Amino acid sequence: MQVFTSIIVLVIFFLAYIISDIRDYKYRKIKSMTGLSHVIGANSISTLLFQDNESAAEILSELKDVAPEIVRADIFDDSGKVFASYIRSGGGGVNISGQISKAETHFSDSLLFVIDDIMNNDELIGKVSLQVELSELMAIKKSKFDLGVVLLLAAICISFLIGFLVQPYISKRLLNLVNTIKSARKTENYYIPITDNGKDEISTLITAFNQLMQQVIENQQKKDEFIGIASHELKTPLTSIKGYLDLLNVMEDREPNRQCVEKALESARKLEKLIRDLLDVSKIQSGQLQLNIKEFDIDELIAETVSSIQMVSLTHELIKEKNNYGPQLITGDKQKIEQVLVNLLSNAVKYSPADNPVIISTQKTDLDFIVRIRDFGIGIPEDEINEIFERFYRTKDSSVHIAGLGLGLYICRDILQRHHGRIWVEREDVGSSFYFSLPLKDEQATKKIMQSEQTGINI
Ligand code: ADP
């Protein structure tokens, strides 16, 4: 492309140069010939007045030495008849008597015609005409054209030479990139960063490729990590269920031990939650998480959820602070909001190993209903506070000792966003406070949720 662009630019510049050069030549020629015709005219005044053809012819014959490029010169009298003529040896030119009307200059293919008035005291007494051969112009044109062709060929050769020398450098790097991509695809080994010290588009491409590979590696690591955690998390409750059921099996004759059944049930519930979380995440990813929108009392839902979590979390006291307002109507999916509450309450219990209480309080603003779940547990490190809502994210402190997949908060955030609500967390001196807000029932909020459900848009 660069070679062709350079050639086109070169051709345009060269043509412009030749045209301006030719125009320049023509201008100079006209000027010098007009000057000469003035001189001949001035010298011919007396010959015309005295009808002295011979002297006039003599004046014209001097042109042979003065301007050898003049092929024919004529002096016409005031009636337009030829008074005296000069024709260069070898001929040339044309007889233009009867065709001249006014003083002018013009070009034919091979001649310049200069016609000038001969004046005597403001009276027109005749005309002089010069016919100038333009062979010099032809020669200039030819030499310029030859020069242009030579320069053009030289430019093409140099451009191709440069291209030829630079191309291996470029194609070597591109081929290296292509080969690395092929080998990564074949071997599934993405740990092959390409080193390139260039500063051009190819090195930008290579940097982007390296970044992409890095991302692929990180995603693969995340996936491997997740598969490890998920299989461990799914296996633990399953082993436990199997153990308790084996125990019940052994006690065949006796009354089934209630504690064993409860433990088996607890493990089954954990397993169910894990699988539901995984399913929810895949539904969120494919945009298929549906909401069942209805009107419900959020305060009542909180009270019910707190007491059901309390029943299975005997080690921690869940304290629901009283509010001084009545039922609070919310438009949304009751089950999904319950899922948010269960997740936040279970986390508050799970991440408070010292059996500390969990306090649930609510607050109302003009537009929103805000729920706060305050725990006195392990808390969240400052630098990880923005990450915990990301898919599969688990804080470094918690991931080793406490079971979990890092999906709950991600699902909560998605559910709340679909309700035009928000979720956030604040660090406390001891533990942390999780908040979520929901718009109070109003026409607009209902419409918005309905609309986003219909269009399937993720808000
Ligand atoms: P999971 O609990 O299954 O790991 P979540 O998405 O519910 O997944 O939580 C993500 C991470 O946020 C947890 O792994 C934990 O590190 C942190 N976290 C959540 N809730 C709390 C809490 N109440 N106190 C301290 N850390 C928490």
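Residues numbered from 1 in each chain as written. Predicted model: local features only at pLDDT ≥ 70, side-chain atom pairs only at ≥ 80, totals over all residues. Heavy atoms only, no water.

Trainee: Just give me the short version of the site of the ligand, but keep the residues and values in it.
Mentor: As a matter of local geometry, the ligand sits amid 22 residues, with Tyr-351, Arg-394, Thr-395, Ser-398 and Leu-409 nearest to it. In the environment of the ligand, an oxygen atom lies 3.1 Å from a nitrogen or oxygen atom belonging to the side chain of Lys-350. The contact in question runs from a nitrogen atom of the ligand to an N or O atom on the side chain of Asp-375, over 2.9 Å. Here the ligand has 530 Å² of accessible area as a free molecule, and 97% of this is covered by the chains. (Near = heavy atom within 4 Å. Polar contact = N/O pair within 3.5 Å; in protein donor to acceptor, adjacent residues only side chain to side chain. Areas by Shrake-Rupley, 256 points an atom, 1.4 Å probe, with all protein chains shown as cover.)

Trainee: If you had to explain the environment of Ile-202 to someone new, which residues and values would you point to?
Mentor: Summarising the element assignment, Ile-202 is placed in helix H5 (residues 201-250). What makes Ile-202 buried here is its relative accessible area of 12%. For the pair formed by Ile-202 and Ser-97, sequence separation is 105 residues and the distance between their alpha carbons is 74 Å. Filtering out sequence-adjacent residues up to four positions away, Ile-202 remains in contact with Ile-170, Arg-173 and Leu-174. (Helix = DSSP H or I, 4+ residues; strand = E, 2+ residues; numbered from the N terminus. Buried < 20%, exposed > 50% of the residue type's maximum accessible area, 1.4 Å probe, protein only. Contact = heavy atoms within 4.5 Å.)

Trainee: How would you explain the pairing of strand E10 (residues 368-375) if you had to name every residue and give the values?
Mentor: With six of its eight residues buried, E10 lies for the most part within the structure. The pairing of strand E9 (residues 358-364) with E10 spans seven bridges and is classified as antiparallel. Looking at E10, one finds that Ser-361 is bridged to Arg-372. The antiparallel pairing of E9 with E10 creates a hairpin that spans three residues between the two strands. (Pairing = 2+ DSSP bridges.)

Trainee: Explain the sheet that holds strand E2 (residues 82-87) residue by residue, including any values.
Mentor: Within a sheet, adjacent strands bond to each other through the backbone by hydrogen bonds, running parallel or antiparallel. One open sheet holds the five strands; their spatial order is E2-E1-E5-E4-E3, and the pairing between them is antiparallel. Each edge of the open sheet is held by one strand with a lone partner, namely E2 and strand E3 (104-107). Between one strand axis and the next, the sheet turns by 10 degrees as a mean value, whatever way the strands run. Pairing between E3 and strand E4 (residues 111-120): four bridges, direction antiparallel. Looking across to E4, one finds that Phe-107 is bridged to Leu-112. Contacts from helix H1 (residues 2-49) reach strand E1 (70-77), E2, E3, E4 and strand E5 (123-133), with the element oriented near 40 degrees to E4. Each of E1 and E2 is contacted by helix H2 (residues 53-61), which is oriented at about 30 degrees to E2, the strand it contacts most. (Axes fitted to C-alpha atoms, helices over the stretch in contact; angles between N-to-C directions.)

Remember that the coordinates give geometry; whether it matters functionally is a separate question.
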